[in-house]
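Fold and contact review
The residues making up each chain are set out below.
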Amino acid sequence: MSEDTIKEITDFSGYKGVWVFAEQRDERLKNVGLELLSVGRRLADKLREELVAVLLGHKVEELADELSAYGADKVILVENELLKRYTVDAYVKALAELSLKYKPSILLIGGTLKGRELAPRLAARLGTGITSDCTDFDIDEEGYLVQIKPFGKLMAEILCRTRPQMATAKPNIFKKLEQDRSRKAAVIREEVKISPEEIHTKVIKVIEVTNNPYENIENAERIVAGGRGLGSKENFKLIYELADVVGAAVAGTRSVVDRGWLSANQQVGQSGKTVAPKLYIAVGISGGAYHTVGMQNSEVIVAINKDPNAPILQMATYGVVGDLFKIVPLLIEKLKRIQR
Ligand SMILES: Cc1cc2nc3c(=O)[nH]c(=O)nc-3n(C[C@H](O)[C@H](O)[C@H](O)COP(=O)(O)OP(=O)(O)OC[C@H]3O[C@@H](n4cnc5c(N)ncnc54)[C@H](O)[C@@H]3O)c2cc1C
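The paragraphs below set out a description of the structure included in this document. (Residues numbered from 1 in each chain as written. Predicted model: local features only at pLDDT ≥ 70, side-chain atom pairs only at ≥ 80, totals over all residues. Heavy atoms only, no water.)

1. A look at the sheet that holds strand S14 (residues 249-252)
Put simply, the test is: Two strands qualify as a pair provided DSSP detects at least 2 bridges between them. Working definition: helices are DSSP H or I runs of at least four residues, strands are E runs of at least two. Numbering for both runs from the N terminus. Axis lines are fitted through C-alpha atoms, for helices just across the contact stretch, and the angle between N-to-C directions can take any value from 0 to 180 degrees. In this analysis, two residues are considered to be in contact whenever any of their non-hydrogen atoms come within 4.5 Å of each other.
Taken together, the five strands give an open sheet; going across it, the order is S14-S13-S15-S16-S17, and neighbouring strands pair in parallel fashion. Strand pairing shows two members of the sheet lacking a second neighbour, S14 and strand S17 (318-321), which therefore form its edges. Here the average twist between neighbouring strands, direction ignored, is 15°. Bridging between strand S15 (residues 279-283) and strand S16 (residues 300-305) involves five bridges; their strand directions are parallel. Across the sheet, Ile281 pairs through a bridge with Val302, a residue of S16. Strands strand S13 (222-226), S14 and S15 of the sheet are contacted by helix H6 (residues 236-246), whose axis makes an angle of about 170° with S13. Lying on the sheet, helix H10 (residues 324-339) is in contact with S15, S16 and S17; it crosses S16 at an angle near 135°.

2. Some details on the nonpolar core
Note the following rule: Throughout, nonpolar core names a set of buried Ala, Val, Leu, Ile, Met, Phe, Trp, Tyr and Cys residues whose side chains join them through atoms within 4.5 Å. The rule is simple: take the accessible area with a 1.4 Å probe, protein chains only, and divide by the maximum for that residue type; under 20% is buried, over 50% is exposed, in between is partly exposed.
Of all hydrophobic cores here, the largest spans 33 residues; its most connected members are Leu37, Leu55, Leu67, Val75, Leu108 and Phe137. Those elements that place two or more of their residues in this core are strand S1 (18-21), helix H2 (31-47), strand S4 (51-57), helix H3 (63-69), strand S5 (74-79), strand S6 (106-110), strand S8 (136-139) and strand S11 (165-169). Per element, the largest residue contribution to this core is seven residues, and it comes from H2.

3. Section: the site of the ligand
For clarity, the cut-off: The criterion for a residue being near a molecule or strand is simple. One of its heavy atoms has to lie within 4 Å of it. Polar contact is defined as a pair of N or O atoms within 3.5 Å, subject to the rule that within protein one atom must be able to donate a hydrogen and the other to accept it, and that residues adjacent in sequence are counted only when both atoms are side-chain atoms. We get accessible surface area from the Shrake-Rupley algorithm with a probe of 1.4 Å; when it comes to residues, only the shown protein chains can shield them. Of the two site types, the cavity is a set of points on a 1 Å grid over the protein atoms alone where a 1.4 Å probe fits but cannot get out, and the pocket is an open set with protein on both sides within 12 Å along at least five of seven lines, each lined by residues with an atom within 4 Å of a point. More than half of a molecule's atoms lying within 2 Å of a cavity's or pocket's grid points is what places that molecule inside it.
In the vicinity of the ligand lie 24 residues, with Arg228, Thr253, Ser271, Ser286 and Asn305 positioned nearest. At 3.0 Å from a nitrogen atom of the ligand is found a side-chain nitrogen or oxygen belonging to Asp323. The contact in question runs from a nitrogen atom of the ligand to an N or O atom on the backbone of Leu324, over 2.8 Å. Expressed as a share of its isolated accessible area of 980 Å², the protein-covered part of the ligand is 75%. Put simply, the ligand lies in the second largest pocket. Only helix H7 (254-258), helix H8 (289-292) and H10 provide two or more residues apiece to the shell around the ligand.

Right, here's the structure in full:
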């Protein structure tokens, strides 16, 4: 397809503004919305357009101040009892009506469980495209949103020829801006009529998926991650032992999750979670792009691998080349001695 075919000659002049869906639960904003405001700010500044946060819920007005402090120029607020708890029907309806009215050029949604359900349905309702799990964004010389994500060993740059240009990004991909409480965004109240009959799902009971601290990897400050180099599920006791000494959660690659050595909650990478801890210790992990895209924002990366050419060693802050079965027990012993 030629460049001209991809970028059909269509008049998009009526579409303006960068929108970020500000996901909240129990009247508390999810970090991912604030993270998207930071990249949204960069895009809006480049386009010289407004950055708008869209907030849906019930009795959530107070959250507008936080959205403003994290970079929004404007907050579009829809309050309705039927938006108190997320349902895909009500949220798609509200966002679709707002999008049709205001015509944003770009609409970013966090790649959370809810976002991953909401975004494609909304895109279908609006008759536009969507790129999921982007790891970066830019604006090209013609003002198109460049949606960047890993594709095998390459980074794909995807353009959308319809509007709004929709994309999701997982939590922990972007860093929030420093908050500035002196910023004051204009709050625009909108009403969306929703009737209970339009909502086809009913929440009967809320069950927390995990309260196992080892598995709470998205919020962990320290993570010890194991790969196929561990050789067996039993050998993961070494990883758990190191995690105990360091005070860390435990994660792993898709290879180990596929083998049942760890739970799916613990997978880091393109088809797992994105993490950004202060410390990430990668043990017996090769460092393929599908894994590293999920942990590359970690502050300090320590990699232990017997292969000096393993890609993970290229990106590690500290690399240790050697047999993990010798190094990890030594590390545990040394750390225990320091802690005594
Ligand atoms: C569409 C798609 C999506 C994917 N999504 C993900 C994802 O979300 N997350 C993910 O992790 N992967 C994902 N993958 C898979 C990914 O491409 C890699 O195959 C995977 O990350 C490799 O896992 P690994 O590092 O555990 O295993 P390997 O690549 O087999 O690496 C094992 C490493 O252990 C080292 N080693 C072996 N023995 C020892 C020892 N005794 N001491 C020290 N080091 C040792 C080896 O040198 C090697 O580097 C995806 C793939 C595809 C196609």
